[in-house]
Amino acid sequence: MVNIDDRTLYFAKVRDSAIIPSKDPGNAGYDIYADIDKPYFKIASHETRLVPTGIASAMSPRWYLQVEERGSTGSKGIKKSAGVIDSSYRGEIFIAITNVNQSDLYITDLSPEELKKTASIDNDSEIIIYPLKKAIAQLVLHEVPDVAVREISYEELREIPSDRGEGRLGSSGK
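Residues numbered from 1 in each chain as written. Predicted model: local features only at pLDDT ≥ 70, side-chain atom pairs only at ≥ 80, totals over all residues. Heavy atoms only, no water.

A.B. asks: Please give an account of the side chain of Glu92 that cites residues and values.
C.D. replies: Position of Glu92 among the secondary structure elements: in the loop between strand E8 (84–85) and strand E9 (94–99). Of note is the side chain of Glu92, whose polar atom sits 2.7 Å from the backbone nitrogen of Gly54. Excluding residues within four positions of it along the chain, Glu92 makes contact with Val14, Arg15, Pro52, Thr53, Gly54 and Ile55. (Helix = DSSP H or I, 4+ residues; strand = E, 2+ residues; numbered from the N terminus. Polar contact = N/O pair within 3.5 Å; in protein donor to acceptor, adjacent residues only side chain to side chain. Contact = heavy atoms within 4.5 Å.)

A.B. asks: Break down the sheet that holds strand E4 (residues 48–52) for me, with residues and values.
C.D. replies: With antiparallel pairing, the 3 strands of this open sheet are ordered in space as E4-E9-E7. With partners counted over all chains shown, the strands left at the sheet margins are E4 and strand E7 (78–80), one partner each. Looking at each pair of strands side by side, their axes are set apart by 40 degrees on average, direction ignored. Relative to E9, E7 is paired through 3 bridges, and the arrangement is antiparallel. Residue Ile78 lies in a different strand from E9, and its bridge partner there is Asn99. (Pairing = 2+ DSSP bridges. Axes fitted to C-alpha atoms, helices over the stretch in contact; angles between N-to-C directions.)

A.B. asks: I'd like a rundown of the pairing of strand E6 (residues 63–68), residues and numbers included.
C.D. replies: With 5 of 6 residues buried, E6 is to be regarded as a mostly interior element. As paired strands, E6 and strand E12 (residues 137–143) are joined by 6 bridges and run antiparallel to one another. Paired with Leu65 across the two strands is Leu141, which belongs to E12. The sheet contact formed by E6 and E8 spans 2 bridges and is antiparallel. In the strand pairing of E8, Leu65 is matched with Ile85. (Buried < 20%, exposed > 50% of the residue type's maximum accessible area, 1.4 Å probe, protein only.)

A.B. asks: Talk me through empty space enclosed by the protein; I want residue IDs and the actual numbers.
C.D. replies: The rolling of a water-molecule-sized probe over the atoms marks out the regions of remaining empty space. Under the criterion given, the structure shown has 1 cavity of 30 Å³ or more. Counted as a void, the largest cavity has a volume near 30 Å³. Here the residues of the lining of the largest cavity are counted per class, giving 6 nonpolar, no polar and no charged. (1 Å grid on protein atoms, 1.4 Å probe; cavity = no way out; pocket = protein on both sides within 12 Å on 5 of 7 lines; lining within 4 Å. Points joined across faces, edges and corners; volume = space filled by probe spheres on them. Nonpolar A, V, L, I, M, F, W, Y, C, P; charged D, E, K, R; others polar.)

A.B. asks: Quick one: what's the story with the packing of aromatic side chains, residue by residue and with numbers?
C.D. replies: Enumeration according to the criterion identifies 2 aromatic pairs in this entry. With centroids separated by 5.6 Å and ring planes inclined at 70 degrees, the aromatic side chains of Tyr40 and Tyr106 adopt a geometry described as edge-to-face. Of this pair, Tyr40 sits in strand E3 (residues 40–43) while Tyr106 sits in strand E10 (residues 104–108), and the two are 66 residues apart along the sequence. Residue classification places Tyr40 among the partly exposed residues on the basis of a relative accessible area of 23%. For Tyr106, a relative accessible area of 4% puts it in the buried group. (Phe/Tyr/Trp six-rings, centres within 6.5 Å; stacked < 30°, edge-to-face > 60°.)

Rendered as structure tokens:
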């Protein structure tokens, strides 16, 4: 049995084909990759799907992982839709990806010609290919706040000084 070290983030492969997340020393996030067991993974236009990564994690209860977009995914209309991985979760990490493009998105290593043939896609159809060897998201390690929770009345809460008060969206004027 592995004893959880407060200063160590543990990753394990759920499948041998998975790539262990990694990061450069100056980067905030660990790049995480799709791990699929077929030639392509399709996300239809305006659809959200859970993309398998083949990776599980463990860490001290002091930490959690936040799934964030990469610049290269966001600029291609690939948006992450959820993303907290608690320290207690030991299952495979799936990344909720939304394709906000008008065209279908395929995560694959196939060329456009090979993909269209393999997936029976009409040659006139516009598609977006995201390379399987490119990270689909990044995992940023955050400390879990250790704060007390105290219930108070709404009247007491409203008496606590605030510049914004009950101002809703757009009320700050910024």
